[in-house]
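# Structural overview for review
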Amino acid sequence: MSGKPILHYFNGRGRMECIRWLLAAAGVEFEEKFIEKPEDLDKLKNDGSLMFQQVPMVEIDGMKLVQTRAILNYIATKYNLYGKDIKERALIDMYSEGVADLGEMIMLFPLSPPAEKDAKLTLIREKTTNRYLPAFENVLKSHGQDYLVGNKLSRADIHLVELLYDVEELDPSLLANFPLLKALKARVSNLPTVKKFLQPGSQRKPPTDEKKIEEARKVFKF
């Protein structure tokens, strides 16, 4: 046993990608065991590894953790990416939840029926430019510091920068009016651990395409 965290999920972004980002940013090497067929998922369910019969699941420090937010909270706490006190942690949670709201819309977008795609994309663009990105731009503007909370890198910055990459993949023009967010993206992307994760050949997963959706459908039967 290497002692590295082991991530159990299919070979795609989904709900595991934010966990990959956080571990990578923290400089933590991890292994992945990909769920490639329904039987792989059934095995995890049947051996009691999945408390709620679902993934993501991360083996870390002798535990089998499920539920994305619980996993992220543990990693952030363990690697000092969760603020210095209860007030900072509340802000980090609040910002991370905002990121997750928009991130969920973007993550589910490829699954939209073709007839609904244009309307969904319009809604995502509207919420991105009128609700979520202005809120984060204003946070950075209000204190003039390099990071969202306490002038120190936290999970909120890492989640937000992952989201900014997702937004850029969807439509690069959406970031045009947010200079402080673009500066944060550049700053975090140049941290050695993140820079390594952004290189080709890393454990970062490519954007979700039709082939990946079909693979996921076969495994998770949705």
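Residues numbered from 1 in each chain as written. Predicted model: local features only at pLDDT ≥ 70, side-chain atom pairs only at ≥ 80, totals over all residues. Heavy atoms only, no water.

### Overview of the overall build of the protein chain
Helix and strand content of the protein chain: 9 helices and 4 strands. Overall, the C-alpha framework of the protein chain stretches about 50 × 45 × 30 Å when taken along its three principal axes. Per-residue burial for the protein chain yields a buried fraction of 44% across its 222 residues. For the protein chain, the share of sequence-separated contacts (at least 6 apart) that also reach a separation of at least 24 residues comes to 65%. (Helix = DSSP H or I, 4+ residues; strand = E, 2+ residues; numbered from the N terminus. Buried < 20%, exposed > 50% of the residue type's maximum accessible area, 1.4 Å probe, protein only. Contact = heavy atoms within 4.5 Å.)

### Considerations on the sheet that holds strand β4 (residues 63-66)
The 4 strands lie next to each other as β2-β1-β3-β4, forming an open sheet whose pairing is mixed. Either end of the sheet is taken by a strand with one partner, and the two such strands are β2 (31-34) and β4. Strand-to-strand twist in this sheet, taken as the mean axis angle between neighbours without regard to direction, amounts to 20°. Packed on one face of the sheet, helix α1 (residues 17-25) meets β1 (6-9), β2 and β3 (57-60) and runs near 165° to β1. (Pairing = 2+ DSSP bridges. Axes fitted to C-alpha atoms, helices over the stretch in contact; angles between N-to-C directions.)

### Observations regarding helix α3 (residues 68-78)
Since the α-helix turns once every 3.6 residues, residues separated by three or four places project in the same direction. Residues of α3 that are buried: T68, I71, L72, I75 and A76. Angularly, the buried residues of α3 cover 125° about the axis, an arc narrow enough to put them on a single face. Elements that come into contact with the buried residues of α3 comprise α1, β3, β4 and α6 (155-170). Positioned one or two residues after α3, N80 has a phi angle of 60°, which is positive. (Arc of directions from axis to C-beta.)

### Description of the UniProt feature "domain: GST C-terminal" (unreviewed entry) in the protein chain
UniProt's entry tags residues 85-208 with the feature "domain: GST C-terminal" (unreviewed entry), counted in the numbering of this structure. Helix and strand shares over residues 85-208 are 67% and 0% respectively, and the end C-alpha atoms of the span are 37 Å apart. (UniProt positions renumbered as here; feature names shortened; annotations may be inferred.)

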